[in-house]
Amino acid sequence: MLSRGIQYAAEDRVGTATLEQIFGSGGAFLMAGAILVSTFGCANGMTMAGARVYYTMSQDGLFFKAVGKLHPKHKTPVAGLIVQAVWTAALCISGSYGQLLEYIIFAVLLFYILTLVGLFVLRVKKPDEPRPYKAFGYPVLPALYIAMAGWICIVLLRYKPQYTWPGLIIVLLGIPVYLFWSRRSGGQIQSEINR
């Protein structure tokens, strides 16, 4: 395999092929272990963050009120965790892990870009606002990330349109949902924005 190069790695598993060349047959086990640690770490972080997003949406009047309550003892968003578990189960039976990843990666990168653009907007609109957390490498690193993630989004739109366009449409469907919930909650959101 070394003579052929890693471009011939089975199913594009370049990392595994590289570790197998370095560590022999144990390389595959090392890669599997690294993937397990990464997956469980990511799942834990996303589970806790996702439930908190539902909780905050509820607090802002953009989701069901029951989801905006914390467990009295543990102070965790139990209803948000249940909503997330149900949604995750629905996604799991809808397709393979690879397909789900293909659908969301474009949307995730898009929201990361928007978050960093928001950093620049806030620096211009509210320059005197206290900033307890400083963005490392500002403005160079955030601008570089925006450019690189934007390039990846363009590449995904070009080479994976069967996944990126449906993912983008799903994100855009959130706009009417947001408008529905914001009208339903009345002027609460506008008052928060004006603060």
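Criteria and thresholds
Residues numbered from 1 in each chain as written. Predicted model: local features only at pLDDT ≥ 70, side-chain atom pairs only at ≥ 80, totals over all residues. Heavy atoms only, no water. Buried < 20%, exposed > 50% of the residue type's maximum accessible area, 1.4 Å probe, protein only. Helix = DSSP H or I, 4+ residues; strand = E, 2+ residues; numbered from the N terminus. Arc of directions from axis to C-beta. Contact = heavy atoms within 4.5 Å. Axes fitted to C-alpha atoms, helices over the stretch in contact; angles between N-to-C directions. Left-handed = near helix turned anticlockwise from the far one by under 90°. Core = buried A, V, L, I, M, F, W, Y, C linked by side-chain atoms within 4.5 Å.

Visitor: Is there a simple way to think about helix α1 (residues 14–23) in this case?
Guide: Those residues of α1 not exposed but buried are Thr16, Ala17 and Leu19. Angularly, the buried residues of α1 cover 165° about the axis, an arc narrow enough to put them on a single face. The secondary structure elements touched by the buried residues of α1 are α2 (26–59).

Visitor: Help me out: how do you make sense of the packing of α2 against helix α3 (residues 78–92) in this one?
Guide: Axis separation between α2 and α3 bottoms out at 8 Å; the angle between their running directions is 115°. Read as a crossing pair, α2 and α3 show a hand that is right-handed. Residue-level contacts link Met46, Thr47, Gly50, Ala51 and Tyr54 of α2 to Gly80, Leu81, Val83, Gln84 and Trp87 of α3.

Visitor: Looking at this structure, how should I read the nonpolar core?
Guide: One finds Phe106, Leu109, Ile113, Ile146, Ala149, Cys153, Leu156 and Leu168 forming the largest nonpolar core, which totals eight residues. For this core, the elements supplying multiple residues, two or more each, are α4 (97–125) and α5 (140–159). The leading source of residues in this core is α5, at four residues. Aside from chain neighbours lying at most four places away, what touches Leu168 is Phe106 and Leu110.

Spatial relationships are all this shows, so hold off on functional conclusions.
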